[in-house]
Amino acid sequence: MPSRATLLLQDLSEGILGLIYPSLCVGCEGPLVKPEQTKVTVETSWPNSPVPVYNRFTRWLCPECESLLEPVCPPFCSLCGNAFFGRSTVAFRCANCSHRRLWFDFARGAFRGEGLTRELIHRFKYENHLELRGLLGTMLGETLGNDPRLAAAENERWPLVPVPLHSRRFRERGYNQAWELCLTLRRRFPGLPLAPILRRTRYTTMQASLHREDRLNNLQGAFALSRLPWNRHRVSGRTVLLVDDVLTTGATLSECARILIEEGRAARVIAITLARG
Ligand SMILES: [Zn+2]
Ligand SMILES: [Zn+2]
């Protein structure tokens, strides 16, 4: 778990970078505008939920680019979070989920994994743009801010568990994107404890390059609990927030949830992701 000093150093380094580099939109490299200059609200049909407010990301995005991000708004599948067009006030499961065993209670993605969201994640993961973690972690926080099923997270101190990278992939990339998202999320929701208790035991082929059935086979035996014995107690009996950048088929998140429940004795696992692929 990072100390307060580490988080402070991260804040400082971002501040210094802000002095060196002029503040430009990370989407179009145009000038940024002050928050009070624009304000747009978006209607949602989710019962009793707060209305999401656009222009939360003025520190990183101009209003035009921010309007290109597509939040996952109801109606969406109550299990996998896949969004549908139209209106529905009742909870439903999509056809994809009706015959699947998924170990998480439900998955919630903040934004549709298309367009600018997809491009930002690609830059963050594959082009070494670690500085995007502030924006992307804040975008991930929209899940907790907008979904009533997640409203108790901070009061009940649900642990944040990042989906792990294999040590070899970690050395190649230099950081684990899910862990970086957790760090940013924790700054906005300080009541959420960080619990990096999963490890990746097998170096697997990139899931994104595989078909659906191959993804499931590719993951068998790929994850385990951390070897540190006290870590086993950190999720026992708790509701756990499992964090990753993107949910596509849900196979990785489901396998991680299985380990947390079967070996970590977690009461339940909820998957939150920045994007729903
Ligand atoms: Zn822009
Ligand atoms: Zn579904």
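Refer to the preceding data block for the structure.
Cut-off values and rules
Residues numbered from 1 in each chain as written. Chains lettered and ligands numbered in written order. Predicted model: local features only at pLDDT ≥ 70, side-chain atom pairs only at ≥ 80, totals over all residues. Heavy atoms only, no water. Buried < 20%, exposed > 50% of the residue type's maximum accessible area, 1.4 Å probe, protein only. Helix = DSSP H or I, 4+ residues; strand = E, 2+ residues; numbered from the N terminus. Pairing = 2+ DSSP bridges. Right-handed = clockwise from strand over helix to strand, strands pointing away. Donors = N, O, S within 2.8 Å, 3.2 Å for Na, K, Ca; no water. Tetrahedral: all angles 85-135°; square planar, octahedral: opposite > 155°, others 65-115°.

Q: Which residues make up the pairing of strand β6 (residues 268–276), and what are the values?
A: Within a regular strand, the side chains alternate between the two sheet faces. Of all 9 residues in β6, 8 are buried, a share of seventy percent or more. Summarising the sheet, strand β1 (residues 106–112) and β6 pair through 6 bridges and their orientation is parallel. Residue pairing for β6: F111 is matched across the bridge by A275. Examined bridge by bridge, strand β5 (residues 239–247) and β6 share 8 bridges and lie parallel to one another. Bridge assignment links T239 to a residue of β6, and that residue is R268. Chirality of the crossover, the property in question, places the unit of β5, helix α8 (residues 251–262) and β6 among those that are right-handed.

Q: Outline the coordination of the zinc ion (ligand 2), supporting the account with residue identities and numerical values.
A: Every protein donor of the zinc ion (ligand 2) is accounted for by C77 (SG), C80 (SG), C94 (SG) and C97 (SG), and the metal-donor separations fall at 2.3 Å. Here the zinc ion (ligand 2) binds 4 donor atoms, and the angle range of 101 to 114 degrees at the metal identifies the geometry as tetrahedral. In terms of primary sequence, the donors binding the zinc ion (ligand 2) are separated according to C-x2-C-x13-C-x2-C. There is no split in this pair, since C77 and C80 are both buried.

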